Amino acid sequence: TKFGRYGGQYVPEALMPAIGELEDAYHRFVLENEDGFMDDFRARLRDFGGRPTPLQHAEALSARYGREVYLKREDLLHGGAHKLNNALGQALLAKYMGKERIIAETGAGQHGTATAMACAHLGMDCEIYMGERDINRQRPNVFRMRLNGAELNPVTTGRGTLKEAISETMRDWATSVEDTHYVIGSVVGPHPFPRMVRDFQAVISEEAREQVQEKAGGLPDSVLACAGGGSNTMGAFHEFVGDDTDLYAVEAGGSSLEVDEAGGVAPNSASLSTGSEGVLHGARTKLLQDSDGQIMESHSVSSGLDYAGVGPELAHLVDEGRVTPVNVDDDGALEGFHRLSQLEGIIPALETAHAFAFLEDEHEELGEVVIVNVSGRGDKDLESVIEETAERDIESAPDMDVFQGGL
Amino acid sequence: TKFGRYGGQYVPEALMPAIGELEDAYHRFVLENEDGFMDDFRARLRDFGGRPTPLQHAEALSARYGREVYLKREDLLHGGAHKLNNALGQALLAKYMGKERIIAETGAGQHGTATAMACAHLGMDCEIYMGERDINRQRPNVFRMRLNGAELNPVTTGRGTLKEAISETMRDWATSVEDTHYVIGSVVGPHPFPRMVRDFQAVISEEAREQVQEKAGGLPDSVLACAGGGSNTMGAFHEFVGDDTDLYAVEAGGSSLEVDEAGGVAPNSASLSTGSEGVLHGARTKLLQDSDGQIMESHSVSSGLDYAGVGPELAHLVDEGRVTPVNVDDDGALEGFHRLSQLEGIIPALETAHAFAFLEDEHEELGEVVIVNVSGRGDKDLESVIEETAERDIESAPDMDVFQGGL
Amino acid sequence: MSQSRIDEAFADGPAFIPYLAAGDPDVESTKEYVRALVQGGADIVELGLPFSEPIAEGSTIQNAIVRSLKGGMTPDTYFDLVDDLDIDVPVVCMTYYNLIYRYGEEEGPEPFVRRATEVGIDGFVVPDLPAEESGPLREACDEYGLDLVFIVAPTTRGERLERIMSQVSGYVYVQARLGTTGARADVSGQTDTSLGRLEEWDVPKAVGFGISEREHAERIVAGGADGIIVGSALVDIVAEGDTEEGTVAERLERKARELKEGALAGAADRPQPERP
Amino acid sequence: MSQSRIDEAFADGPAFIPYLAAGDPDVESTKEYVRALVQGGADIVELGLPFSEPIAEGSTIQNAIVRSLKGGMTPDTYFDLVDDLDIDVPVVCMTYYNLIYRYGEEEGPEPFVRRATEVGIDGFVVPDLPAEESGPLREACDEYGLDLVFIVAPTTRGERLERIMSQVSGYVYVQARLGTTGARADVSGQTDTSLGRLEEWDVPKAVGFGISEREHAERIVAGGADGIIVGSALVDIVAEGDTEEGTVAERLERKARELKEGALAGAADRPQPERP
């Protein structure tokens, strides 16, 4: 149940039996392919989800940086992000386990939409918890969840972001655990979630590892992925962990790495870079917390990275020196967003944009062959980006006047 | 240059040399793969676009209709619709021809975004003409075009929809023809556009024909595709034209098939079902026109179908009895939209939703194996759908209260 | 082929060919305006029959077409207008092919041409009908002895020129620049090049697109044109309505006179070309 | 193991165990409220140390925690509060594991337990620390002679029960129903089932989650419980503040008395279970 000193099962007793049941199901269905579960899952990922996603050679970026840049196109997955890999896996597992109802939390709404889509596809009931603040930042995703037939439960506690949504979903689960599965949205939470979600997301690096050898004739020198909770990160890294490839987890530096302890706010989401060990949402991991151990309110321009914790396996790989944690601030992420949109014709999620900002800044350190995981597309972020860009001086942005009504 | 009595090259003399040049390039690069153009194109469609798209067995729809329903998932193509097949093909062809600048018209904005993406990908200048009314109906697509670096030119003549945008783009082309290629967005316009666009889109049916044989063990009894200009339609039909498969072109019935001749308005876009022969935008085809030959203003709840003409090849195939034109009204399309979203976890474009409405109504006539072309995803339509649904009594819609602020 | 009324219009020096959109803003005004233009020296009148999708027109003429269609202009109204005109210069109908194709009970352009002949129209300019598609209309024109004017664009070269030359009658419409119709402040350098390409042609060459001033007319005719076609500069006057400087008709007549004088001055500047 | 103060609290009949969130709304009030509860008959006091992510709590206690944290509550303030309490019943600290884990300079729970011992805390309830993860805290409690209370949920069965039984001391917290904390209008049928599963255990069984009325207390104790734990119903009184029906302290004391009486009545309804 642990990754080195991280992980574990720090949850209310009421949930422990369900977690034990899940652990059992994970072993039987996922690890041992009982009843052909994994075959079914992979077939659905292919036909419903659109896998494999391409590994695209990025011509403009390769020319710009003088090295071969490849993009793992998870933005092309159904729903627009890597999230479906996990949501479909867990919803299907719940179905194999005989559960009737799915609950999930969501930050940016990507996991919520992926879960809602998966549940519609599988004919399961679905309720999504989402912080009120995130609901207002990500309206299109709210609409999509509702259109797919999911119920939406706004969470009004705290700052109304992912952290609160997870807490609230755990409370629902503590009530409904007998017929309900909680589809956690990242490689976080109590064991077996971090391992199971990683296994569902590992298809990213399985494909990428094969594709890059075919296209570049060898393994990459570096793999870059943005890191909030860390599911696209672990998905993109997993199969490369045993290789001699540098792995960069790009966190949200937000507006500053400084912490406002009195206000309880860390204006970033860089738990790997700046966090300390603690226990949150079922696992021991690196956290943004004050000196007493109270969890800080995190911040990022991208809702999907806006979380005070991170997956325990990533924390472990960072301690081991296998993964390098780096971070990029809000301005950098917006620059990365606009740059990729214009240079490659791919509008990335704001989360993903962090990885491209790091590429811009540090490309000289990344070797000859670089893979960037394009974890999602930016359709959900259009309004936020327009608003945030208008408030700043973002060099790579188009003239924003055209976005102000009166077209 | 003709399909039976339809097609031709009815354009200003100034454009004829460019059209001749294009015809030449089409033969050399597309038909004869000169300089490996088609290999390059197919590789980009794969790596940048995400092809092949899946042919998904739709479990819920198959159970509902008592026959095997397969979905050709063009909604998973980069940009969210089949449009990239054509936009990328033409932009790349223009590059091979040495053109520096791309212009295009757009209705729903899907062709505009696809063209903007393709131009960003290829490093080409891009200007998009879009009717003012459509700009207001499809803001997310407007943002996406701008973010990809394209200029946007609002068209204020007429009702400000696709028809006017095409006319205005032709005017630009008449001025700029020497260094500019006009990426027309459907199987319309003067020869060789209808044929060339069809060839670029035919990848849909090439893939689907192979996939359906693998999955269903034989050819389909029916193929359904929505039809506005007809590019997804011809793309989905082309490889089946020689087979014994029924082909249904589902047009937008709008609010009524009745025509308001005095007002110059046909409150539908059903040119194949109700139109008459005439000449528009470079081709002889079936049109919505009054008894004098003035073009009517068309209408559909979906911008992408809102056009008074249709591709000449489709008009020909309808005359030949090879393609059956049918139509579905605005209400039916909204029902189809909500039904697919909830039953299959796929939010379709409003255009696409017409095909699913027809499936619901007429499934008993469609044989054992049915393919529906999911021409695009509905992210761009969220606001419209919410608004239009709230004004009607749509049985399959979720409770819309949650969409009215105050979440 | 016998000499047509249009051919004759080019016989005595450079022709001034004004364009107006019929029915802008109404039928009676158009009649008055056309007479004013003839009074001012027009040798031929191009009268536009408005089509809802005028893809070759700039915004000036687009707007005129919108006004005319809103006023209820139809092909039949147009023919009645021409029938009533009572002028002694040839009338060329400028319109788009769909209106020609759709007119009457029988298929094809013949009914339209027949009716045009009845009301005294002498020829056609159809901007969206290149030589490749003009067969049926050419045949109908031949049957009724009407001219079919073709446009030669700055991009027209080689084989295409020959194809047009074999089909054209009346005059060739030399498009002075790329783009759509519309008044401009200068004369395009493309004009001379285009005229040069047509030097050997024995059909009169009338230049249009962008001419708005006396001096444009002079320079273009001095450069070898047999006529000038002016549309948007006149439609602008119609759009303005009556002003302190005169009624629309007065100002149209004045503008026509100015342009005609320019053309004549241009002709004086050069050795008169040989005429058939 | 020697008899702890908590064990003693169960010795003379059913125990009434009230819960309050420390520092809600401030430190001085909490002291007053705790004294009122003791006055009303509390046998043990569960005093919550607020954590920012109280995943096991319903909205009543979540809100209390927000008020307390806004008031500046920290672990050190909490310890000082307990140190000042001056009551003669045992105090159980209810909090989440991260605060225990993070306290002090050295790693692990020992510094927290050491400090808790110094201020007179008798035991802990940690809702997010199941038996699987409780080793280090259990060790520290043993070292200082403190009790570690575990929760048994309606879903807890078989092996898990045994694991908890091997770790628990003081009392077992029998969760009356699935879900989070919060006052309810009825008694869950799950309570009897859960108590049945624990019949053989020789550790006192205190039932919590949802108890708010005298009659709940009576029924639960009559059903075999050795104690009742009441939180949200009391926190609601704190949240209301002083009313016409009395000050918060007065109403807390009155409510405590009502619940304690209920428990006693329940005990009278059944043969007293054997006690170790």
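Nothing here was measured: the structure is a model prediction, and the numbers come from that model. (Residues numbered from 1 in each chain as written. Chains lettered and ligands numbered in written order. Predicted model: local features only at pLDDT ≥ 70, side-chain atom pairs only at ≥ 80, totals over all residues. Heavy atoms only, no water.)

Colleague: Could you clarify how one ought to interpret the pattern of salt bridges in this entry?
Modeller: Any two side chains of opposite charge can pair if their charged atoms end up close together. Scanning the model with the defined rule gives 106 salt bridges over all chains in all. Of the charged contacts in the structure, one is a salt bridge between E258(C) and K255(C), with a shortest N-O distance of 3.5 Å. In this pair, E258(C) and K255(C) are both assigned in helix α12 (residues 248-268), three residues apart and thus about one turn of the helix distant. Assessed through its relative accessible area of 24%, E258(C) is described here as partly exposed. Taking relative accessible area as the criterion, K255(C) reaches 15% and is therefore assigned buried. A salt bridge links K31(D) to D84(D), with the shortest nitrogen-to-oxygen separation between them at 3.0 Å. With K31(D) in helix α2 (residues 27-39) and D84(D) in the loop between α4 (75-83) and β3 (91-94), this residue pair connects regions lying 53 residues apart in the sequence. (Salt bridge = Lys/Arg side-chain N within 4 Å of Asp/Glu carboxyl O. Helix = DSSP H or I, 4+ residues; strand = E, 2+ residues; numbered from the N terminus. Buried < 20%, exposed > 50% of the residue type's maximum accessible area, 1.4 Å probe, protein only.)

Colleague: Mind showing me how you'd approach the interface of chain A and chain B here?
Modeller: Interface extent is often summarised as the accessible area lost during association of the parts. Facing the 52 residues of chain A at the interface are 52 residues of chain B. Taking both sides of the interface into account, the surface hidden between chain A and chain B amounts to around 4400 Å²; carbon and sulfur atoms contribute 58%. Between R377(A) and D379(B) there is a salt bridge whose closest N-O contact spans 3.3 Å. Our enumeration of links across chain A and chain B arrives at 16 residue pairs in polar contact (both at pLDDT 80 or more). Only α2 (37-49), β3 (55-57), α5 (110-122), α6 (132-137), α7 (139-147), β7 (151-155), α14 (330-344) and α16 (382-390) of chain A provide two or more residues apiece to the side of chain A that touches chain B. By residue number, the principal contributor to the side of chain A that touches chain B is α7(A), which donates seven residues. Residues of the side of chain A that touches chain B, tallied by class, amount to 24 nonpolar, 12 polar and 16 charged. (Contact = heavy atoms within 4.5 Å. Buried area = accessible area lost by both parts, 1.4 Å probe. Polar contact = N/O pair within 3.5 Å; in protein donor to acceptor, adjacent residues only side chain to side chain. Nonpolar A, V, L, I, M, F, W, Y, C, P; charged D, E, K, R; others polar.)

Colleague: What exactly am I supposed to notice about the interface of chain D and chain A here?
Modeller: Contacts between the two partners involve 36 residues from chain D and, on the opposite side, 34 residues from chain A. Three residues stand out in chain D for area buried against chain A, namely E53(D), I55(D) and R102(D), and they jointly supply 22% of the buried area on that side. Ionic pairing is found between R5(A) and E107(D), a salt bridge with its closest N-O pair at 2.8 Å. At the junction of chain D with chain A, the criterion picks out 22 residue pairs in polar contact (both at pLDDT 80 or more). Mapped onto the side of chain D that touches chain A, the elements with two or more residues apiece are α3 (59-70), α5 (97-102), β5 (147-152) and α8 (158-167) of chain D. Along the lines of polarity and charge, the residues of the side of chain D that touches chain A split into 18 nonpolar, nine polar and nine charged.

Colleague: What is the right way to look at the nonpolar core in this model?
Modeller: In summary, soluble globular proteins display a tendency toward joint burial of nonpolar side chains. In this structure, I121(C), F124(C) and Y171(C) are the most contacted members of the largest nonpolar core, which totals 218 residues. If one sorts the elements of this core by residue count, helix α1 (residues 16-31) of chain B sits on top with eight residues. With near-sequence residues (within four places) excluded, I121(C) lies in contact with Y78(C), F79(C), V82(C), V91(C), C93(C), A116(C) and L146(C). F29(A), V188(A), A357(B) and L178(D) belong to the second-largest nonpolar core, a separate cluster that totals 215 residues. (Core = buried A, V, L, I, M, F, W, Y, C linked by side-chain atoms within 4.5 Å.)

Colleague: Where do I start with a negative patch on the surface in this structure?
Modeller: Side chains of E100(A), D125(A), E151(A), E178(A), D179(A) and D399(B) sit close together on the surface and give a patch of like negative charge. Classification of D399(B) as partly exposed rests on a relative accessible area of 47%. (Patch = residues over 30% accessible without salt bridge, like charges linked within 9 Å, V, L, I, M, F, W, Y side chains within 5 Å. Areas by Shrake-Rupley, 256 points an atom, 1.4 Å probe, with all protein chains shown as cover. Lys, Arg positive; Asp, Glu negative; His and termini not counted. Charge placed at Lys NZ, Arg CZ, Asp CG, Glu CD.)

In short, shape yes, function no, at least from these values alone.
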